[in-house]
Amino acid sequence: MSASKTIEHRRGVVVLALIAAFMVFVDGTIVNLTLAQLASHLHASRSELEWAVNAYTLSCAAVMLGAGAITDTLGAKWAFVAGLLVFTASSAVCASATSMLVLNFARLVQGAGSTLLLPSALVLATASATDEQARNRLVGWWAAAGGVGMAAGPLLGGALVALANWRAVFAVNVVIGIPAALWSIRSMPTTARGSRRLDIVGMGCATALIGGLVFALIQGPAQGWRSPAAVTAAALTVTGLVGFVWVERSTRAPLLPPGVYSDRRYVATAAQGALFNFAFYGLLFAMSLMLQQGRGLSALVSGLLFLPLTGLISIGSICAAPLARRIGRTAVLGIGQAVLTTTFLAVAWASISSALWLLVLALVPAGFSSGLLVPTMTSQSIAAVEPALHGAASAVFNTSRQIGAAIGVAAFGPLLGPTHNLREGFITCVVVGAAATAVALLLTALTRPATVAAPTGSLNAQAPCATSAHDTPDNLPERA
């Protein structure tokens, strides 16, 4: 193969990896704009609408812990191909679904496929890098593609629903996925397999734990907390928790290494990530129903109204690293959480008025502060542990965020109340979101690096300088 052909081939692999990252993240937010049509066309209940969002998030959280090990076991190429095939096939089932049960089951499978795509796409995107600078640049493009996908989701969803219907939201994945899968199988280079062990039992226990918890939170309010479904889900949660703890203590390659959860800075940052996603994804769910069912707006107009929130995330993400180098990560976390808490309350106040411009104005700082927080929390979580644990730390941090998102949607669904009174329910949801971000703000103090006390008995001893946020690189690989 000539040099020009090789360069063109590598560019094709990078472009395909970026498209995959975009598709994965866009499907995390695009479905929110289909909820009103799903309620009408498929006669979906509130709990079924929650599952339309949460089935995807749930399987992402369950598979995320072992995604890196799966990629190592299969090799990046075949993990990517498998993820793309699963994602495309399940999207086709979603597009042709005639009931919410079929749709939500397909969304569950779709989320598992998307989680296989993420780490393998990153490996393939950076495989052609010739030096560290090129690798960091490719990681930045990959993260940016995911961020753009998350931001574009509501607008694309509104446009597709307006131009066609909710089925188009899933059908577009099939149109892109089939040629992408064929190209991947034929032209994508094979990568070496790693030696990591795949903890299937641990992943199964984690799935039972997370799935049981989310199922109980969704079905409990809908069917009653003493209903057979809720009690079974609670029992599954406890069983999964006990099994996960036992497996993790006995295996040689735990999904959750002790070095990760033994650091208070890491635990605090992971908790902040979960609380942020709880509030943010809960807001996306509640706001979509409030705008379309509560205010009677079209899907396209609702998608446009999401732009101040999701669009400003990209700008905030660009500003996060330079700002962290100037004032430190802890300060950025504190400022971001404080602004987000305040703006959540502003959104609650603005939603009382019939004037939409007040809501749009309140969403601007919410989007920008969210953009500041996501990459800063990601960098902080990685910097809190030793380099050998960066992969596990990233997986656990992203899992905690996915769990927070799933619980947020599950909690905000019942808080919205009946369809005829969505405005008051929306205010309740936003105030709860503000409370969650306020708790995250309080946790910021725990993310500061610990100082080392000077030894006693020495007149000339000086306390070593504590490692500051400036001493750790802000350009570590991040997952959106």
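Thresholds applied
Residues numbered from 1 in each chain as written. Predicted model: local features only at pLDDT ≥ 70, side-chain atom pairs only at ≥ 80, totals over all residues. Heavy atoms only, no water. Core = buried A, V, L, I, M, F, W, Y, C linked by side-chain atoms within 4.5 Å. Buried < 20%, exposed > 50% of the residue type's maximum accessible area, 1.4 Å probe, protein only. Helix = DSSP H or I, 4+ residues; strand = E, 2+ residues; numbered from the N terminus. Contact = heavy atoms within 4.5 Å. Polar contact = N/O pair within 3.5 Å; in protein donor to acceptor, adjacent residues only side chain to side chain. Axes fitted to C-alpha atoms, helices over the stretch in contact; angles between N-to-C directions. Parallel < 35°, antiparallel > 145°, perpendicular 65-115°, else oblique. Left-handed = near helix turned anticlockwise from the far one by under 90°. Nonpolar A, V, L, I, M, F, W, Y, C, P; charged D, E, K, R; others polar.

1. Focus: the nonpolar core
Then step 1. Core analysis: the biggest nonpolar cluster contains 107 residues, and Phe80, Tyr266 and Phe426 have the highest contact counts within it.
Then step 2. Top contributing element to this core by residue count: helix H11 (residues 264–294), with 15 residues.
Then step 3. The contact partners of phenylalanine 80, leaving out residues within four places of it in the chain, are Leu16, Ala20, Leu117, Ser120, Ala121, Leu124, Ser184 and Met188.
Then step 4. By size, the runner-up hydrophobic cluster in this structure holds 9 residues, among which are Trp51, Ala55, Leu58 and Ala61.

2. Let's talk about the side chain of serine 47
Then step 1. With respect to the helices, strands and loops of the structure, serine 47 is situated in helix H3 (residues 46–74).
Then step 2. For serine 47, a relative accessible area of 12% gives the class buried.
Then step 3. A distance of 3.2 Å separates a polar atom in the side chain of serine 47 from a polar atom in the side chain of serine 45.
Then step 4. Aside from chain neighbours lying at most four places away, what touches serine 47 is Ile218, Gln219 and Ala222.

3. Some thoughts on the packing of helix H13 (residues 329–350) against helix H16 (residues 422–443)
Then step 1. Orientation of H13 relative to H16, taken along the N-to-C sense of each, is 165°, at an axis distance of 8 Å. For the element pair H13 / H16, the angle class is roughly antiparallel. Seen along the crossing, H13 lies across H16 with a hand that is left-handed. Where H13 approaches H16, its residues Gly334, Gln337, Ala338, Leu340, Thr341, Phe344, Leu345, Val347 and Ala348 are matched on the opposing element by Phe426, Ile427, Val430, Val431, Gly433, Ala434, Thr437, Ala438, Ala440 and Leu441.
Then step 2. Broken down by class, the residue content of the contact of H13 with H16 amounts to 14 nonpolar, 5 polar and no charged.

4. A few points about the environment of isoleucine 185
Then step 1. With respect to the element layout, isoleucine 185 can be found in helix H7 (residues 166–187).
Then step 2. Between the C-alpha atom of isoleucine 185 and that of phenylalanine 80, which follows or precedes it by 105 residues, the distance is 9.6 Å.
Then step 3. In contact with isoleucine 185, not counting residues within four places along its chain, are Lys77 and Val81.

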